[in-house]
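Listed below, chain by chain, are the residues.
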Amino acid sequence: MTDAERFVDAVGDMLVAWNLPRATGRVYGHLLLRAEASTAEQLQEALKLSSGAVSTAVRSLVSWGLARTISQPGSRRLLIEASGGFEQLLAASHERAHVFIRTLRSAESLAEDERAARRLADVTDLFAAYVAAGEDMLRRGAQRPAPHESALQ
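Given the structure is predicted, the values throughout are model-derived calculations rather than measurements. (Residues numbered from 1 in each chain as written. Predicted model: local features only at pLDDT ≥ 70, side-chain atom pairs only at ≥ 80, totals over all residues. Heavy atoms only, no water.)

## Topic: the sheet that holds strand E3 (residues 78–82)
Phase 1 of the analysis: Read from one edge of the open sheet, three strands run E1-E3-E2, paired in antiparallel fashion. Looking at the sheet topology across the chains shown, the edges are occupied by strand E1 (38–39) and strand E2 (67–71).
Phase 2 of the analysis: In terms of strand pairing, E1 meets E3 through two bridges, oriented antiparallel. Within the sheet, the bridge partner assigned to Ser-38 lies in E3 and is Ile-80.
Phase 3 of the analysis: In the packing of helix H2 (residues 22–33) onto the sheet, contacts are made with E1, E2 and E3, and the angle to E3 comes to roughly 85 degrees. (Pairing = 2+ DSSP bridges. Helix = DSSP H or I, 4+ residues; strand = E, 2+ residues; numbered from the N terminus. Contact = heavy atoms within 4.5 Å. Axes fitted to C-alpha atoms, helices over the stretch in contact; angles between N-to-C directions.)

This is how it looks when you write it as C-alpha coordinates:
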(Lines give C-alpha, C1' and ligand atoms only; values in the text may rest on other atoms or scores of the structure.)
Protein backbone atom coordinates (compact mmCIF):
# COMPACT_ATOMS: atom_id res chain seq x y z
CA MET A 1 0.00 0.00 0.00
CA THR A 2 1.36 3.41 -0.96
CA ASP A 3 1.57 6.43 1.35
CA ALA A 4 -1.18 8.09 -0.70
CA GLU A 5 -3.46 5.05 -0.23
CA ARG A 6 -2.78 5.09 3.51
CA PHE A 7 -3.66 8.79 3.61
CA VAL A 8 -6.89 8.22 1.66
CA ASP A 9 -7.87 5.39 4.03
CA ALA A 10 -6.98 7.50 7.09
CA VAL A 11 -9.21 10.36 5.88
CA GLY A 12 -11.96 7.80 5.27
CA ASP A 13 -11.58 6.48 8.81
CA MET A 14 -11.50 10.00 10.26
CA LEU A 15 -14.70 11.10 8.57
CA VAL A 16 -16.48 7.98 9.86
CA ALA A 17 -16.03 9.52 13.32
CA TRP A 18 -17.91 12.56 11.95
CA ASN A 19 -20.83 10.32 10.93
CA LEU A 20 -19.96 10.30 7.24
CA PRO A 21 -19.52 7.08 5.26
CA ARG A 22 -15.96 5.81 4.93
CA ALA A 23 -16.27 6.00 1.13
CA THR A 24 -17.05 9.71 1.41
CA GLY A 25 -13.90 10.27 3.43
CA ARG A 26 -11.84 8.24 1.00
CA VAL A 27 -13.16 10.29 -1.94
CA TYR A 28 -12.31 13.49 -0.05
CA GLY A 29 -8.81 12.25 0.79
CA HIS A 30 -8.21 11.32 -2.84
CA LEU A 31 -9.48 14.69 -4.08
CA LEU A 32 -7.23 16.53 -1.63
CA LEU A 33 -4.16 14.92 -3.20
CA ARG A 34 -5.16 15.50 -6.81
CA ALA A 35 -3.67 18.36 -8.81
CA GLU A 36 -6.60 18.24 -11.25
CA ALA A 37 -10.32 17.75 -10.78
CA SER A 38 -11.55 14.17 -11.25
CA THR A 39 -14.52 12.63 -12.99
CA ALA A 40 -16.80 10.25 -11.11
CA GLU A 41 -15.45 7.44 -13.27
CA GLN A 42 -11.87 8.28 -12.31
CA LEU A 43 -12.86 8.22 -8.63
CA GLN A 44 -14.58 4.85 -9.07
CA GLU A 45 -11.52 3.36 -10.71
CA ALA A 46 -8.94 4.86 -8.36
CA LEU A 47 -10.81 3.98 -5.19
CA LYS A 48 -12.51 0.75 -6.34
CA LEU A 49 -15.95 2.14 -5.43
CA SER A 50 -19.33 1.66 -7.07
CA SER A 51 -20.90 4.47 -9.07
CA GLY A 52 -23.55 4.79 -6.36
CA ALA A 53 -20.95 5.15 -3.60
CA VAL A 54 -19.10 7.81 -5.58
CA SER A 55 -22.31 9.67 -6.40
CA THR A 56 -23.41 9.63 -2.75
CA ALA A 57 -19.94 10.70 -1.60
CA VAL A 58 -19.78 13.60 -4.04
CA ARG A 59 -23.26 14.85 -3.08
CA SER A 60 -22.33 14.67 0.59
CA LEU A 61 -18.98 16.42 0.11
CA VAL A 62 -20.59 19.17 -1.95
CA SER A 63 -23.32 19.67 0.67
CA TRP A 64 -20.66 20.05 3.39
CA GLY A 65 -18.65 22.47 1.24
CA LEU A 66 -15.72 20.04 1.08
CA ALA A 67 -15.89 19.61 -2.70
CA ARG A 68 -17.32 21.38 -5.70
CA THR A 69 -18.45 20.20 -9.08
CA ILE A 70 -17.38 21.85 -12.31
CA SER A 71 -19.58 21.67 -15.40
CA GLN A 72 -17.98 20.69 -18.68
CA PRO A 73 -19.22 22.75 -21.64
CA GLY A 74 -21.15 20.55 -24.05
CA SER A 75 -21.15 17.58 -21.68
CA ARG A 76 -23.27 16.30 -18.81
CA ARG A 77 -20.10 15.00 -17.17
CA LEU A 78 -19.01 16.92 -14.08
CA LEU A 79 -15.52 17.29 -12.70
CA ILE A 80 -15.11 17.12 -8.93
CA GLU A 81 -12.44 18.81 -6.87
CA ALA A 82 -11.79 19.29 -3.17
CA SER A 83 -12.44 22.71 -1.76
CA GLY A 84 -11.87 24.34 1.60
CA GLY A 85 -14.93 23.97 3.73
CA PHE A 86 -13.55 21.73 6.47
CA GLU A 87 -14.65 24.51 8.79
CA GLN A 88 -18.26 23.38 8.27
CA LEU A 89 -17.52 19.92 9.65
CA LEU A 90 -15.75 21.44 12.64
CA ALA A 91 -18.62 23.85 13.23
CA ALA A 92 -21.12 20.98 13.15
CA SER A 93 -18.97 19.05 15.61
CA HIS A 94 -18.81 22.09 17.85
CA GLU A 95 -22.58 22.46 17.74
CA ARG A 96 -22.92 18.86 18.94
CA ALA A 97 -20.43 19.66 21.69
CA HIS A 98 -22.48 22.74 22.69
CA VAL A 99 -25.56 20.52 23.02
CA PHE A 100 -23.55 18.13 25.18
CA ILE A 101 -22.30 21.03 27.34
CA ARG A 102 -25.88 22.28 27.83
CA THR A 103 -26.93 18.76 28.81
CA LEU A 104 -24.09 18.53 31.35
CA ARG A 105 -24.94 21.95 32.80
CA SER A 106 -28.61 21.01 33.10
CA ALA A 107 -27.58 18.15 35.41
CA GLU A 108 -25.62 20.29 37.89
CA SER A 109 -28.39 20.13 40.51
CA LEU A 110 -28.70 16.35 40.11
CA ALA A 111 -25.25 15.46 41.44
CA GLU A 112 -25.49 13.33 44.56
CA ASP A 113 -22.67 15.05 46.45
CA GLU A 114 -19.92 17.65 46.10
CA ARG A 115 -17.48 15.11 44.64
CA ALA A 116 -19.91 14.16 41.86
CA ALA A 117 -20.73 17.84 41.27
CA ARG A 118 -17.02 18.64 40.90
CA ARG A 119 -16.50 15.76 38.47
CA LEU A 120 -19.46 16.94 36.40
CA ALA A 121 -18.14 20.52 36.43
CA ASP A 122 -14.68 19.29 35.36
CA VAL A 123 -16.11 17.40 32.38
CA THR A 124 -18.25 20.41 31.44
CA ASP A 125 -15.27 22.76 31.69
CA LEU A 126 -13.13 20.42 29.58
CA PHE A 127 -15.68 20.32 26.74
CA ALA A 128 -16.29 24.06 26.96
CA ALA A 129 -12.53 24.75 26.71
CA TYR A 130 -12.22 22.34 23.77
CA VAL A 131 -15.02 24.07 21.87
CA ALA A 132 -13.73 27.56 22.68
CA ALA A 133 -10.23 26.66 21.45
CA GLY A 134 -11.63 25.16 18.25
CA GLU A 135 -13.82 28.17 17.58
CA ASP A 136 -10.86 30.48 18.15
CA MET A 137 -8.85 28.44 15.66
CA LEU A 138 -11.67 28.68 13.11
CA ARG A 139 -11.90 32.46 13.59
CA ARG A 140 -8.16 32.85 13.07
CA GLY A 141 -8.29 30.60 10.01
CA ALA A 142 -11.11 32.66 8.51
CA GLN A 143 -9.00 35.81 8.88
CA ARG A 144 -6.07 34.39 6.90
CA PRO A 145 -6.01 34.87 3.13
CA ALA A 146 -6.38 31.68 1.13
CA PRO A 147 -3.04 30.30 -0.14
CA HIS A 148 -3.84 31.24 -3.75
CA GLU A 149 -4.74 34.80 -2.62
CA SER A 150 -1.49 35.39 -0.76
CA ALA A 151 0.48 34.12 -3.77
CA LEU A 152 -1.18 36.78 -5.92
CA GLN A 153 -0.29 39.64 -3.57
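That was the structure; now back to the text.
## Observations regarding the pairing of E2
Phase 1 of the analysis: In this sheet, E3 lies alongside E2 in antiparallel orientation, the contact comprising five bridges. By the bridge assignment for E3, Ile-70 is matched with Leu-79.
Phase 2 of the analysis: What sits between E2 and E3 in their antiparallel hairpin is a turn of six residues, with Gly-74 showing a positive phi close to 75 degrees.

## Some details on the packing of aromatic side chains
Phase 1 of the analysis: Under the criterion given, the structure shown has one aromatic pair.
Phase 2 of the analysis: Judged by centre distance (4.8 Å) and plane angle (80 degrees), the ring pair of Phe-100 and Phe-127 falls under edge-to-face. One end of the pair, Phe-100, is in helix H5 (residues 86–106); the other, Phe-127, is in helix H6 (residues 114–143), with 27 residues separating them in the sequence.
Phase 3 of the analysis: Relative accessible area serves as the criterion here: at 35%, Phe-100 is assigned to the partly exposed category. (Phe/Tyr/Trp six-rings, centres within 6.5 Å; stacked < 30°, edge-to-face > 60°. Buried < 20%, exposed > 50% of the residue type's maximum accessible area, 1.4 Å probe, protein only.)

## Quick look at the nonpolar core
Phase 1 of the analysis: Judged by nonpolar contacts, the single largest core of 20 residues is most densely connected at Val-27, Leu-31, Leu-43 and Leu-61.
Phase 2 of the analysis: Contributions of two or more residues to this core are made by helix H1 (3–16), H2, helix H3 (40–47) and helix H4 (51–64).
Phase 3 of the analysis: For this core, the element with the most residues is H4, which contributes four residues.
Phase 4 of the analysis: Excluding its chain neighbours within four sequence positions, the residues that come into contact with Leu-43 are Val-27, His-30, Leu-31, Ser-38, Lys-48, Val-54, Val-58 and Ile-80. (Core = buried A, V, L, I, M, F, W, Y, C linked by side-chain atoms within 4.5 Å.)

## Some remarks on a nonpolar patch on the surface
Phase 1 of the analysis: Together, Phe-7, Leu-32 and Leu-33 give the surface a local cluster of nonpolar side chains, amounting to about 250 Å² of exposed area.
Phase 2 of the analysis: Within the secondary structure, Leu-32 is located in helix H2.
Phase 3 of the analysis: Take Leu-32: its relative accessible area is 39%, and that puts it in the partly exposed class. (Patch = residues over 30% accessible without salt bridge, like charges linked within 9 Å, V, L, I, M, F, W, Y side chains within 5 Å. Areas by Shrake-Rupley, 256 points an atom, 1.4 Å probe, with all protein chains shown as cover. Salt bridge = Lys/Arg side-chain N within 4 Å of Asp/Glu carboxyl O.)

## So, the packing of H3 against H4
Two quantities define a packed helix pair, namely the angle between the helix axes and the distance between the axes.
Phase 1 of the analysis: At a closest axis distance of 9 Å, the pairing of H3 and H4 adopts a crossing angle of 115 degrees. When the axes of H3 and H4 are compared, the crossing they make is right-handed. Of H4, the residues touching H3 (which contributes Ala-40, Leu-43 and Gln-44) are Ser-51, Val-54 and Val-58.
Phase 2 of the analysis: Tallied by class, residues from the contact of H3 with H4 come to four nonpolar, two polar and no charged. (Left-handed = near helix turned anticlockwise from the far one by under 90°. Nonpolar A, V, L, I, M, F, W, Y, C, P; charged D, E, K, R; others polar.)

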